[in-house]
Amino acid sequence: MQSPCLSEATRACFHGCCTTSLLSLTEPPKPKAPTTSAASRSKFVISTASSIFPDTQFTNHESLPSLPEAFSNFTEAYPQYSETEQADRIRTDEFYHLMLSDQVCLDYIGFGLFSHSQHQTSLATASSSSPPRQSHSMLQSCFFDISYKAVSLNSQILYGTQETPLESAIRKRITAFLNISEQEYGMVCTANTASAFKLLAESYPFQTNRRLLTVYDYENEAVNGMIEISQKRGARAASASFSWPSLRINSSKLRKMVTGKRNKKKKGLFVFPLQSRMTGSRYSYLWMTLAQEQGWHVLLDACALGPKDMDTLGLSLFKPDFLICSFFKVFGENPSGFGCLFVKRSSSSTVEASTVARSIGIVSIIPAKQFSNLPEDSSGTDYESQNLKTKLPDESRVVTGIFSGPVSARTSDGQCRSLGSSKRQSEVGETSELSSEIVELEKPDAVQTGKVPINSGETDESFKIECRGLDHADSLGLNHINCRVRFLVNWLVLALLKLRHPHSETGHPLVKIYGPKIKFNRGPAVAFNVFDWKGEKIEPSLVQKLADRSNISLSYGFLQNIWFSEKYEQEKQKVLENRTNKSVIPGSKKGGKYATGITVVTAAIGFLANFEDAYRLWAFVAKFLDADFVEKERWRYVALNQKTIEV
């Protein structure tokens, strides 16, 4: 029987991945006439291939067109790109540090709460009464701190806790940005996304709902943490597989795992991202609907979504039981921040009280310490993994330029997580230290009377917070953001594919793209590898390191769960690699020594990226057409008297 929300769901899908009905997930596809939408998508692909450097291949990095020439060709192919010039103005006015530092940031996807200009204004105001000499660490100071608290997820959702005006304001701004109803979902702040996954793993009833099914085409450290915890608690973990070479979901296999013949009422937890943050593959929302109809609880991983995607998704149509996302502070400078775990209130009874979960990263957002009190060296070292213990003043204070209104800092000991660099694994690490003083939270008196408030925190309506990073996304809107990213990422894919080694009998391409190539609705991430003139892969970590020396920030990661049909069986041994199995991989034998997959370089195009960013990455990769490029880089650093040569 067809799902009653099918027609609405099809209209709601703005990426076009729901153009088929839910029946297409459970029955073989039937031939049908192309729709206007399908025709326009096909036209986009043909137009891109015929307009970007037509009938041209580049075999020498010195033969590439100049930046102005390439941009002229780009705008001819995508004339609508000029309609997104507001993003360029935002970048120039609010994120001018990217231009001053000559930095290209293609190493993470996420939401920034504040802008760089906003940060600097706050620093200037706060430091006006401070000593004139300031250390570099002051420039990396936080807009807010996080303070760990000993409370279980069950208690936090059911009873709530006291909120500072700052925390309440940030929570309201985030729920409004994501278009999430506070009446339907409770929001819990965590130290990072890894903490959010582990927290849910410790609180979900895997003893009775024993299955965990994940849908990831790459190794995700946060999800691996959930898998390890769930298996220790009795869960049977499994993963979707992805067909080579397209890396699309193997629908027949996943359909069998989702539907199954077991008890519908207690299947388990279905962990589903809407797109891959490494390959850019996008997945149909209808998998969530199918899973819920089959008795699964659904966790939606929204960490890879772009700005405004959640706003258009509309949780009134697709209501996951849990949702995880993250917010960092300033794009391109200090991506430390916090994670968010949303729990649907009607599903809160599923969450168990857990003593272990009390020590897993639930945090409060508290006002940052005064800039003049920062220690000499407060710069962090790892993405979302370095913690600094700080003391808060007892007096009320105001940080102008970020938020206004009195803020009472009652906590005697909090924590500030600071980061000087976003380098550079594709997933965040876990915090290793807890605050030396964690206050035990008690249930409010209302619990004893049976009147449990949805949120027991006091709010201050006069307290306002300005999150310019979110405001910029709101002002641009979904259409302009999607168009801008679509043009840039497809140009980059095609430009990379036009690089080929010279004088090669077999015509070895320089770059191999994994996942979708030129595609209207592909995601903003590109996974690729660089190969030398012999056809041997250059280590992704080396490519990343050399890119870093050119002020281009890239990530690298590990593609896995790849399925080869008989047609591609011969390629299996050529492309797959063995690596040490750091965690238990779903579907593998316990204690397995190796995991198989492909290590890749990945670049992410955000809405604040511009054509010059994509061009500079292309020009950098083209340098590998010179067979001596790596060796030249090695000797260049010897000539500069570098003590350590990592190349």
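These lines cover the structure that appears in this document, whether it is placed above or below. Please read these numbers as outputs of a predicted model, since none were measured by experiment.

1. Overview of the overall build of the protein chain
Here is step 1 of the chain: In terms of helices and strands, the protein chain carries 21 helices and 24 strands.
Here is step 2 of the chain: Looking at the protein chain as a whole, 57% of its 647 residues are labelled buried.
Here is step 3 of the chain: Considering only residue pairs separated by 6 or more positions, the protein chain has 80% of its internal contacts joining residues 24 or more positions apart.
Here is step 4 of the chain: About 27,900 Å² of surface is accessible on the protein chain, with carbon and sulfur atoms providing 50% of the total.

2. Here's the deal with the pattern of salt bridges
Here is step 1 of the chain: If you walk through the whole model with that rule in mind, you get 14 salt bridges.
Here is step 2 of the chain: Taking the shortest distance from any N to any O, the salt bridge between Glu 466 and Arg 468 comes out at 3.2 Å.
Here is step 3 of the chain: Accessibility expressed as a relative area gives 19% for Arg 468, which makes it buried.
Here is step 4 of the chain: The partner of Glu 577 in a salt bridge is Lys 537, with the nearest N and O atoms 2.1 Å apart. One end of the pair, Glu 577, is in strand β23 (residues 577-580); the other, Lys 537, is in the loop between β19 (525-530) and α18 (540-549), with 40 residues separating them in the sequence.
Here is step 5 of the chain: The exposure class of Lys 537 is partly exposed, given its relative accessible area of 24%.
Here is step 6 of the chain: Overlapping salt bridges, with partners in common, bring together Glu 94, Glu 466 and Arg 468 in one network.

3. Quick notes on the packing of helix α3 (residues 67-77) against helix α20 (residues 611-622)
Here is step 1 of the chain: Here α3 crosses α20 at 120 degrees, and the two axes come no closer than 11 Å. When the interaxial angle is binned, α3 and α20 end up oblique. The interaxial crossing formed by α3 with α20 has right-handed handedness. Along the contact surface, α3 presents Leu 67, Ala 70, Phe 71 and Phe 74, while α20 presents Phe 611, Glu 612 and Tyr 615.
Here is step 2 of the chain: Its residues placed into classes, the contact of α3 with α20 shows 6 nonpolar, no polar and 1 charged.

4. A closer look at helix α11 (residues 221-232)
Here is step 1 of the chain: For α11, with 12 residues, the first-to-last C-alpha span of 17 Å sits near the 16 Å given by 1.5 Å per residue.
Here is step 2 of the chain: Residues of α11 that are buried: Ala 222, Val 223, Asn 224, Gly 225, Met 226, Ile 227, Ile 229 and Ser 230.
Here is step 3 of the chain: Considering only its buried residues, α11 is in contact with α10 (193-203), β5 (211-214), β6 (236-239), β9 (268-273) and β10 (296-301).
Here is step 4 of the chain: Its side-chain oxygen 3.0 Å from the backbone nitrogen of Ala 222, Asn 220 forms the N-cap of α11.

5. Re the packing of aromatic side chains
Here is step 1 of the chain: A complete count under the given rule lists 36 aromatic pairs for this structure.
Here is step 2 of the chain: Residue placement shows Arg 486 over the ring face of Phe 520; its charged tip is 3.8 Å from the ring centre.

6. What to know about the sheet that holds strand β22 (residues 562-563)
Here is step 1 of the chain: On the basis of which strands lie adjacent, the open sheet formed by 3 strands has the order β8-β7-β22 and mixed pairing. Two strands close off the open sheet at either side, each with one partner strand: β8 (248-249) and β22.
Here is step 2 of the chain: Examined bridge by bridge, strand β7 (residues 242-243) and β22 share 2 bridges and lie parallel to one another. In the sheet register, Ser 243 faces β22, and the bridge partner there is Trp 563.

7. What about the packing of helix α2 (residues 36-51) against helix α17 (residues 478-497)?
Here is step 1 of the chain: Closest axis-to-axis distance for the α2/α17 pair is 10 Å, and the angle between their directions is 50 degrees. Considered as vectors, α2 and α17 are oriented oblique to each other. Considering the relative orientation of α2 and α17, their crossing is right-handed. Here Phe 44, Thr 48 and Ala 49 of α2 come into contact with α17, specifically with Arg 486, Phe 487, Asn 490 and Leu 494.
Here is step 2 of the chain: The residue makeup of the contact of α2 with α17, split by class, is 4 nonpolar, 2 polar and 1 charged.

8. A look at the side chain of Lys 149
Here is step 1 of the chain: As for its position among the elements, Lys 149 is in the loop between β3 (144-148) and α8 (153-159).
Here is step 2 of the chain: Despite being buried, Lys 149 has no salt bridge partner; Glu 167 is the closest side chain of opposite charge, sitting 4.5 Å away.
Here is step 3 of the chain: At 3.2 Å, the side chain of Lys 149 forms a polar contact with the side chain of Ser 364.

9. Regarding the nonpolar core
Here is step 1 of the chain: Of all hydrophobic cores here, the largest spans 112 residues; its most connected members are Ile 174, Leu 269, Phe 270, Phe 327, Phe 338 and Phe 342.
Here is step 2 of the chain: For this core, the leading source of residues is strand β11 (residues 322-330), giving 7 residues.
Here is step 3 of the chain: Discounting residues that sit within four places of it in the chain, Ile 174 has contacts with Leu 113, Met 187, Phe 327, Phe 338, Cys 340 and Phe 342.
Here is step 4 of the chain: One finds Phe 44, Phe 58, Ile 538 and Phe 624 within the second-largest nonpolar core, a separate group that totals 52 residues.

Criteria and thresholds
- Residues numbered from 1 in each chain as written.
- Predicted model: local features only at pLDDT ≥ 70, side-chain atom pairs only at ≥ 80, totals over all residues.
- Heavy atoms only, no water.
- Helix = DSSP H or I, 4+ residues; strand = E, 2+ residues; numbered from the N terminus.
- Buried < 20%, exposed > 50% of the residue type's maximum accessible area, 1.4 Å probe, protein only.
- Contact = heavy atoms within 4.5 Å.
- Areas by Shrake-Rupley, 256 points an atom, 1.4 Å probe, with all protein chains shown as cover.
- Salt bridge = Lys/Arg side-chain N within 4 Å of Asp/Glu carboxyl O.
- Axes fitted to C-alpha atoms, helices over the stretch in contact; angles between N-to-C directions.
- Parallel < 35°, antiparallel > 145°, perpendicular 65-115°, else oblique.
- Left-handed = near helix turned anticlockwise from the far one by under 90°.
- Nonpolar A, V, L, I, M, F, W, Y, C, P; charged D, E, K, R; others polar.
- Expected span 1.5 Å × (residues − 1).
- Polar contact = N/O pair within 3.5 Å; in protein donor to acceptor, adjacent residues only side chain to side chain.
- Phe/Tyr/Trp six-rings, centres within 6.5 Å; stacked < 30°, edge-to-face > 60°.
- Lys NZ or Arg CZ within 6 Å of the ring centre and 35° of its normal.
- Pairing = 2+ DSSP bridges.
- Lys, Arg positive; Asp, Glu negative; His and termini not counted.
- Core = buried A, V, L, I, M, F, W, Y, C linked by side-chain atoms within 4.5 Å.

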